Amino acid sequence: MRRWILNDRIEDWTTAWEPASLLTMKSPLVLGSICFFFSIFLFVPLPKGKGYPFPSSAEIVISILYLPVTLLAVATIIVAIYKIILKINRGPWVFAMILSMPVFVPTAQGFIATFRRAKFVEWPREAMELRELALDYQDVHPERFHRMGKDEEVRLDGFGKHIESLRSAGDAKVAAMHLPVRGDLILDTWGNPVRYGFDFDQDGYIEISSRMIAASYASGQTAGYRIAIAVALGRSKHHSDFYPHVGSR
C-alpha cells in the first residue's frame, strides 16, 4: 500500500515536472534560433527591386523585421546573462546568447564604416593645415628636409617638436590643426606617421612610392612656385591610397 502511494506520488511529480522542464529547456533555444535564422538573411544577397530606388518585397520585409528581431536578441542576451549569474539553466541560455549575436554584425559593420568615413573626411582639412605648417618650416629650416630614398619622399627632422613649441605659444595655425604629435612625428587621422614629399627638381611633380603627384599644372622653370610640399597618409592596412595634398609657394 505504501509502495503504491509512493509510486503514485513519484509518477504525479514526474508528469507535472516534464512539461515545465521541456519548456525551460526549449524557450531559450527557440529565441536564439529565431535570431540566428533571421541573421542568415542579413548576409544572403536578396532580390533587388525592378527599378532604383524602389526596394524588393524581400528587402522591405527584412527592413521591417530588423528592429523587432534586434530587440528580441537584446532581450535574449540580457535574460541569458541574468540566468548565467544565478546559475539557472545556464547551458541553453548560453547557447541562445551565442545564436543571437550574429544579428548585431550589420550594426557593428555600420559603426565601423561610419568611423572610417569620418577619418577620411577629417584628413583633407587636417592635411591643408599641416602642409601650410610644413611650408613655413621649410622656409625656416630647409636643412632639416632629408631625402629618404631615390624618390622625393622626405623626413622632417624636428618638425614634431617645432609644432609642439608653436602650440605651447598659442600659434593660430597650429591651433587649427588637431593631428596628434608623438615626439618628432605627426600622426594622421588613422594614428600613423604622416608622410611628406618635396619637389626637389621643380618639374611640377612630387614622386612618392613610384607615384607622380601633380604639384603644378605647368612644368620645368614655369612651374610657378619656389617650393612644393606634399603631405600624405601614413602606411596602413585600412587604406590602399595615401591621399596626398600638395601645397606650394
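Below or above, wherever it landed, is the structure these notes cover. (Residues numbered from 1 in each chain as written. Predicted model: local features only at pLDDT ≥ 70, side-chain atom pairs only at ≥ 80, totals over all residues. Heavy atoms only, no water.)

**Here's the deal with the side chain of S100**
Condition: Starting at the N terminus, helices and strands are each numbered in turn, a helix being any DSSP run of H or I of at least four residues and a strand any DSSP run of E of at least two. Buried, partly exposed and exposed residues are distinguished by accessible area as a fraction of the type maximum, computed with a 1.4 Å probe on protein chains only: under 20%, between the cut-offs, and over 50%, respectively. For the purposes of these results, a polar contact is taken to be a pair of N or O atoms within 3.5 Å, where, inside protein, one atom must be able to donate a hydrogen and its partner to accept one; residues adjacent in sequence count only when each atom of the pair is a side-chain atom. We call two residues in contact when some of their heavy atoms are within 4.5 Å.
With respect to the helices, strands and loops of the structure, S100 is situated in helix α3 (residues 90-100). Of the residues examined, S100 reaches a relative accessible area of 0% and is grouped as buried. Polar contacts involving the side chain of S100 include one to the main-chain carbonyl oxygen of A96, which spans 2.8 Å. Excluding residues that lie within four positions of it along the chain, S100 makes contacts with G32, C35, A73, T76 and I77.

**Regarding the packing of helix α2 (residues 57-86) against α3**
Our working definition: Axis geometry follows a simple rule: fit a line to the C-alpha atoms, using only the stretch in contact for helices, then measure angles between N-to-C directions, giving values from 0 to 180 degrees. With respect to orientation, any angle under 35 degrees is reported as roughly parallel, any angle over 145 as roughly antiparallel, any angle of 65 to 115 as roughly perpendicular, and every other angle as oblique. Should the near helix be turned anticlockwise from the far one by less than a right angle, the crossing is termed left-handed; should it be turned clockwise, right-handed. Note on residue categories: nonpolar means Ala, Val, Leu, Ile, Met, Phe, Trp, Tyr, Cys or Pro, charged means Asp, Glu, Lys or Arg, and polar means any other residue, Gly included.
In the contact formed by α2 and α3, the axes pass within 9 Å of each other and the chain directions differ by 150°. Looking at the two axes, α2 sits roughly antiparallel to α3. Of the two possible hands of crossing, α2 and α3 adopt the one that is left-handed. Where α2 approaches α3, its residues A73, T76, I77, V79, A80, I81, K83 and I84 are matched on the opposing element by R90, W93, V94, A96, M97 and S100. Tallied by class, residues from the contact of α2 with α3 come to ten nonpolar, two polar and two charged.

**Overview of the pattern of salt bridges**
As a working rule, side chains carrying opposite charge can pair if their charged atoms are close by. Heads up, the rule is: Salt bridge, as used here: a side-chain nitrogen of Lys or Arg that lies within 4 Å of a carboxyl oxygen of Asp or Glu.
The full count for this structure, using the stated rule, is twelve salt bridges. Residues D139 and R226 are paired through a salt bridge, measuring 3.0 Å at the closest nitrogen-oxygen approach. Note that D139 is positioned in helix α4 (residues 105-140) and R226 in the loop between β7 (211-214) and β8 (228-232), a separation of 87 residues in sequence. The class for D139 is partly exposed, based on a relative accessible area of 37%. For R226, a relative accessible area of 49% gives the class partly exposed. One salt bridge in this structure joins R235 and E153, with 3.9 Å as the shortest N-O distance. Here E153 lies in strand β2 (residues 153-156) and R235 lies in the loop between β8 and β9 (245-248), a separation of 82 residues in the sequence. What you see here is one network of salt bridges that share partners, running through R131, E132, D136, D139, K173, R226 and R249.

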